[in-house]
Each structure stands twice: as structure tokens, then as C-alpha cells.
Amino acid sequence: MQDFNALLDIHFGGYRDDVYHLELAVGPQHLHSAGSVHGGVFLSLLDTVMSRAVRAYRPEHSYTPTVQLSGNFFRPLSDGSIMAEGRVLNSSRKTVFAEGRLYDSQRRLLAQGSATFMVAAQATLA
């Protein structure tokens, strides 16, 4: 069974200079019926890159669930690659606030988002 990130075919670039990087090669499975990348894919990439930035910034906390996610879409994309960058803007004992941006291969801004993550000691699943 594949996890969600594998289903989207996200390629993780890692954390360097306080920024987490990932990339997605756009395929037909990422498009909506009008032929552009679905907004849900944009939001998923933003959430994923910000979450990875939080985990790299706070490695002692392996479980930091998203408690708020916001995104703005600026430009559609139909093919090519999406580069994502995520960074932590503020961290406290209980929450972490992060920002993410998506770019096309020409470094044009596609979308921007922000999220708040809860700092949890460990996963507690019901």
C-alpha cells in the first residue's frame, strides 16, 4: 500500500538553509476536468512542504498535526513541474506557524499558504 505522498508522486528535496524543498512532476492524475492542476493538489503540496519544514525545524517532535491551513492560488499550471518551499516563521511550546510557496519551473509564484501545527509529544490515535 502506498502512502498519500507516494500517490501524488512527490519528490522530497530535503531541508537546507532553513527551507524545506520538494518537487512534483505534473501528470494527468493531478489535473481537474478543465486541464489545470487541481486546487487540492496545490493545498496538499503546501501542507506537505510546511509539515516537513516543521519536522526538520523541531526534530524532537515527530508528530505535529496541522490544525489550520490556508492557501491562495495565483496562477494555474497544466504541465511541467511544481517546486515547493516551506519555512517555519514562528515556534512556541505548543504551536508552530509556517509558510509555503509553490513555483513553476520559471520561478513564477503559483500559490502561497500558511499553516499552524500543534506540537505533540507523540501520536495518539483513536
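For the structure itself, consult the block above.
Residues numbered from 1 in each chain as written. Predicted model: local features only at pLDDT ≥ 70, side-chain atom pairs only at ≥ 80, totals over all residues. Heavy atoms only, no water.

(A) Just the overall build of the chain, in detail. A count of helical and extended segments in the chain gives two helices and six strands. The N-to-C order of helical and strand elements in the chain reads α-β-β-α-β-β-β-β. Its C-alpha radius of gyration of 14 Å places the chain within 12% of the 14 Å reference for a compact globule of 126 residues. Seen through its principal axes, the chain has C-alpha atoms that stretch 40 × 35 × 25 Å. The long-range fraction of contacts in the chain, counting pairs at least 24 apart against all pairs at least 6 apart in sequence, stands at 61%. Charge-centre separation for the chain: the mean point of 11 positive side chains lies 7 Å from the mean point of 11 negative side chains. (Helix = DSSP H or I, 4+ residues; strand = E, 2+ residues; numbered from the N terminus. Rg over C-alpha atoms; globule rule 2.2 N^0.38 Å. Contact = heavy atoms within 4.5 Å. Lys, Arg positive; Asp, Glu negative; His and termini not counted. Charge placed at Lys NZ, Arg CZ, Asp CG, Glu CD.)

(B) How the structure looks around the environment of A25. Along the polypeptide, A25 turns up in strand β2 (residues 19-25). Looking at A25, the relative accessible area reads 39%, which means it is partly exposed. Excluding residues that lie within four positions of it along the chain, A25 makes contacts with H30, G80 and S81. (Buried < 20%, exposed > 50% of the residue type's maximum accessible area, 1.4 Å probe, protein only.)

(C) Fine view of the pairing of strand β6 (residues 109-118). With eight of 10 residues buried, β6 lies mostly within the body of the structure. Bridge count between strand β5 (residues 95-103) and β6: nine bridges; the pairing is antiparallel. Bridge pairing in β6 links G100 to G113. Here β5 hands over to β6 after five residues, with R107 in that stretch at a positive phi of 65 degrees. (Pairing = 2+ DSSP bridges.)

(D) Molecular detail of the pairing of strand β1 (residues 10-16). Sheet analysis places β1 next to β2, joined by six bridges and oriented antiparallel. Bridge assignment links F12 to a residue of β2, and that residue is L22. Here β1 hands over to β2 after two residues, with D17 in that stretch at a positive phi of 55 degrees.

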